[in-house]
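As a plain string of letters, each chain reads:
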Amino acid sequence: MDARPIGVFDSGLGGLTAVKQLEQVLPGESIVYFGDTGRVPYGSRGRELVRRYARQDMEFLLSQNVKAVLAACGTVSSVARDIGEALPVPYLDVIWPCAQAAAAATKTGRIGVIGTAATIHSDSYRSALLGINHKLQVFPQACPLFVSLVESGFVAPQDEVTRLVAERYLAPVRAAEVDTLILGCTHYPIISATIGSVMGRGVTLIDSGREAALALAKTLRERDLLCPEGVPRQARYYVTDTPENFLNVAELFLGHSVEGRTQRIEIESYGN
Ligand code: DGL
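This structure is a prediction, so every number in the text was calculated from the model and none was measured. (Residues numbered from 1 in each chain as written. Predicted model: local features only at pLDDT ≥ 70, side-chain atom pairs only at ≥ 80, totals over all residues. Heavy atoms only, no water.)

Draft legend 1. A look at the site of the ligand. Surveying the vicinity of the ligand reveals 14 residues, the closest of which are Ser-11, Tyr-42, Gly-74, Thr-75 and His-187. A distance of 2.9 Å separates a nitrogen atom of the ligand from a polar atom in the side chain of Asp-10. Here an oxygen atom of the ligand and a side-chain polar atom of Thr-75 are 2.7 Å apart. Considered on its own, the ligand offers 290 Å² of accessible surface; in the complex 99% of this is hidden by protein. Its residues placed into classes, the shell around the ligand shows 6 nonpolar, 7 polar and 1 charged. (Near = heavy atom within 4 Å. Polar contact = N/O pair within 3.5 Å; in protein donor to acceptor, adjacent residues only side chain to side chain. Areas by Shrake-Rupley, 256 points an atom, 1.4 Å probe, with all protein chains shown as cover. Nonpolar A, V, L, I, M, F, W, Y, C, P; charged D, E, K, R; others polar.)

If you want it as structure tokens, here you go:
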């Protein structure tokens, strides 16, 4: 057993989709969340820069004495797996858990993948899916504006701007008649109501935050790293820009306030 917190990170708010699930599947675990809100988005940046950011983010979490690291970011998961796997603690990302869930869910074998430009160009989800079953047909689509919409708080299911953008981006995957859609960026589950209504009822949405949280829970159980009973749960949140917008969207999304537990840090001093 291990009472240390779990470290979760993302470029911004998106990783909260994994935190929300972790609160449900592992309610006794403490969490240190890092959202790089000052440098978001990662998904439109080059591979080497994202890898440098990822190295710093992981280094920061290690400095917080975490027992495991979850890259709750499709972009980091796609380009920095080797960095995570070299950590001295268990490392999980979103690609494999999502691919497995999608392969299990599809009936027609036609799977859509939406993500940031970096994620889609890396072909990470397609490779994972074809590794599971080479007969699957994969239809990828980059949706770069979604991250800005979420970070700006355009997250209400009735938000017309987000809906319009979703209709434009999702038209090709709808036309491909997929029956399963991987939300391959952890920001996207925050607007899953809009994405779901544009895709239509028959399409199963795979939530990267949820799948990653379930995979992490399994790993902690298997390695006997769960927190012993009776240890009080703590959650701390760290960001790299002023916390205001983070606090608002986090509360809306998590259903509880993170005020008083959120702090700004200087990330550039880590991982160099
Ligand atoms: N939420 C992240 C992802 O899953 C990052 C989005 C971004 O920073 O571009 O890809």
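From this point, the discussion proceeds with the structure in view.
Draft legend 2. Structural view of the UniProt feature "active site" (unreviewed entry) in the protein chain. Those residues carrying the UniProt feature "active site" (unreviewed entry) are Cys-73 and Cys-185 in this numbering. For the annotated residues, spread through 113 residues, the largest C-alpha to C-alpha distance comes to 6.2 Å, consistent with a single compact locus. Along the chain, the position of Cys-73 falls in the loop between β3 (68-71) and α3 (74-79). Among residues more than four places away in sequence, those in contact with Cys-73 are Phe-9, Asp-10, Ser-11, Tyr-42, Val-94 and Thr-186. Summarising the element assignment, Cys-185 is placed in the loop between β7 (180-183) and α10 (192-199). Residue Cys-185 is classed as buried on the basis of its relative accessible area, which comes to 5%. Not counting residues up to four positions away in its chain, the partners in contact with Cys-185 are Ile-114, Gly-115, Thr-116, Val-147 and Ser-208. (UniProt positions renumbered as here; feature names shortened; annotations may be inferred. Helix = DSSP H or I, 4+ residues; strand = E, 2+ residues; numbered from the N terminus. Contact = heavy atoms within 4.5 Å. Buried < 20%, exposed > 50% of the residue type's maximum accessible area, 1.4 Å probe, protein only.)

Draft legend 3. Fine view of a negative patch on the surface. Taken together, the side chains of Asp-241, Glu-244, Glu-251 and Glu-259 define an acidic patch exposed on the protein surface. By the secondary structure assignment, Glu-251 is in helix α12 (residues 244-254). Assessed through its relative accessible area of 40%, Glu-251 is described here as partly exposed. (Patch = residues over 30% accessible without salt bridge, like charges linked within 9 Å, V, L, I, M, F, W, Y side chains within 5 Å. Salt bridge = Lys/Arg side-chain N within 4 Å of Asp/Glu carboxyl O. Lys, Arg positive; Asp, Glu negative; His and termini not counted. Charge placed at Lys NZ, Arg CZ, Asp CG, Glu CD.)

Draft legend 4. Inspection of the sheet that holds strand β2 (residues 31-35) at higher detail. The strand order across the open sheet formed by 6 strands is β4-β3-β1-β2-β9-β10, and the pairing between neighbours is parallel. The sheet terminates laterally at β4 (91-92) and β10 (262-264), the two strands that pair on one side only. Sheet topology places strand β9 (residues 235-239) next to β10; 3 bridges connect them, and they run parallel. Paired with Tyr-237 across the two strands is Thr-262, which belongs to β10. Here helix α11 (residues 208-222) sits on the sheet in contact with β1 (6-10), β3 and β4, set at roughly 160 degrees to β3. Sheet strands in contact with α12 are β2, β9 and β10, and its direction is about 140 degrees off that of β9. (Pairing = 2+ DSSP bridges. Axes fitted to C-alpha atoms, helices over the stretch in contact; angles between N-to-C directions.)

Draft legend 5. How the structure looks around the packing of aromatic side chains. Counted according to the given criterion, the structure contains 9 aromatic pairs. Pairing Phe-60 with Tyr-238 gives two aromatic rings, centres 5.1 Å apart and planes at 70 degrees, and the pair type is edge-to-face. Here Tyr-238 lies in strand β9 and Phe-60 lies in helix α2 (residues 47-63), a separation of 178 residues in the sequence. When sorted by exposure, Phe-60 lands in the same class as Tyr-238, which is buried. For the pair Phe-60 and Tyr-270, a centre-to-centre distance of 5.2 Å together with 80 degrees between the ring planes defines the contact as edge-to-face. Of this pair, Phe-60 sits in helix α2 while Tyr-270 sits in the segment after β10, and the two are 210 residues apart along the sequence. In this arrangement the basic side chain of Lys-20 is found over the ring face of Phe-253, its NZ or CZ atom lying 4.4 Å from the centre. The ring of Tyr-53 carries the charged tip of Arg-39 above its face, separated from the ring centre by 3.8 Å. (Phe/Tyr/Trp six-rings, centres within 6.5 Å; stacked < 30°, edge-to-face > 60°. Lys NZ or Arg CZ within 6 Å of the ring centre and 35° of its normal.)

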